[in-house]
Amino acid sequence: MLPGGGGGMNDRKMQQMMKQMGIDMQELDAQEVIIRTPDEELVFTDADVQRMDAQGQQTYTIVGEPESRALGEGGASEVDDGDAEESSDDSGVEEGDVEIVAQRAGVSEDEAREALEETDGDLAAAISRLS
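Residues numbered from 1 in each chain as written. Predicted model: local features only at pLDDT ≥ 70, side-chain atom pairs only at ≥ 80, totals over all residues. Heavy atoms only, no water.

Right, let's talk about unusual backbone geometry for a bit. Backbone geometry places D46, a non-glycine residue, at a positive phi of 55°. Position of D46 among the secondary structure elements: in the loop between β3 (40-45) and β4 (48-54). Unusually for a residue other than glycine, Q55 sits at a positive phi of about 55°. The residue Q55 is located in the loop between β4 and β5 (57-63) in this model. Owing to a relative accessible area of 79%, Q55 belongs among the exposed residues under this scheme. (Helix = DSSP H or I, 4+ residues; strand = E, 2+ residues; numbered from the N terminus. Buried < 20%, exposed > 50% of the residue type's maximum accessible area, 1.4 Å probe, protein only.)

As structure tokens, then:
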């Protein structure tokens, strides 16, 4: 270990040093963190989240075990509009999905519906096809 490397430094002294260097750490009371990739969502529940502010940049640290789920799968983070069932047309494509694809791809609902039919209801593939 290097001399003065901070190995035996207590939390208070470390906080003082960070403050002198212009670094501010803050614990966030996050209920859920979702990271969306092109292929999946990583959902962290009960994660420890810290935000560090240094030199005008904010860096977030997430510590926890994520649950991986495919894009478009339901979860606690989706807003429930009160309908027990989502309406779908004759093709089996759900209207909510059509609206999402149309909004994300910037196309009409008819174009979005057609793309969803061609991709068997795969939201990400439909958006990719239209973008």
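A few words on helix α3 (residues 109-118). Among the residues of α3, those classed as buried are A112, R113, A115 and L116. Projected down its long axis, α3 shows its buried positions confined to an angular sector of 165°, all on one face. One or two steps after α3, the chain reaches D120, where phi turns positive at roughly 55°. (Arc of directions from axis to C-beta.)

Right, let's get into the nonpolar core. Among the nonpolar cores identified, the biggest contains ten residues, and these are V93, V98, V101, A102, A112, A115, L116, L123, A126 and I127. Mapped by element, the contributors of at least two residues to this core are α2 (95-105), α3 and α4 (123-130). Setting aside chain neighbours within four positions, we find V101 in contact with G106, A112, L116, L123, A126, I127 and L130. (Core = buried A, V, L, I, M, F, W, Y, C linked by side-chain atoms within 4.5 Å. Contact = heavy atoms within 4.5 Å.)

Next up on the list: the environment of I100. Among the structural elements, I100 can be located in helix α2. On the basis of relative accessibility, which here comes to 36%, the residue I100 falls in the partly exposed class. Separated by twelve residues in sequence, I100 and A112 have C-alpha atoms that sit 8.6 Å apart.

Take the confidence of the model for the protein next. Across the protein, the average pLDDT comes to 79, with 79% of residues at or above 70. Predicted confidence is poor over residues 76-86, with pLDDT under 50, and the contacts of this stretch with residues over four places away or in other chains come to eleven contacts. (pLDDT = per-residue confidence, 0-100.)

Okay, helix α1 (residues 11-20) next. Of all ten residues in α1, one are buried; the element is thus mostly exposed. N-capping of α1 is provided by N10, with a side-chain oxygen placed 3.2 Å from the backbone N of R12. (Polar contact = N/O pair within 3.5 Å; in protein donor to acceptor, adjacent residues only side chain to side chain.)

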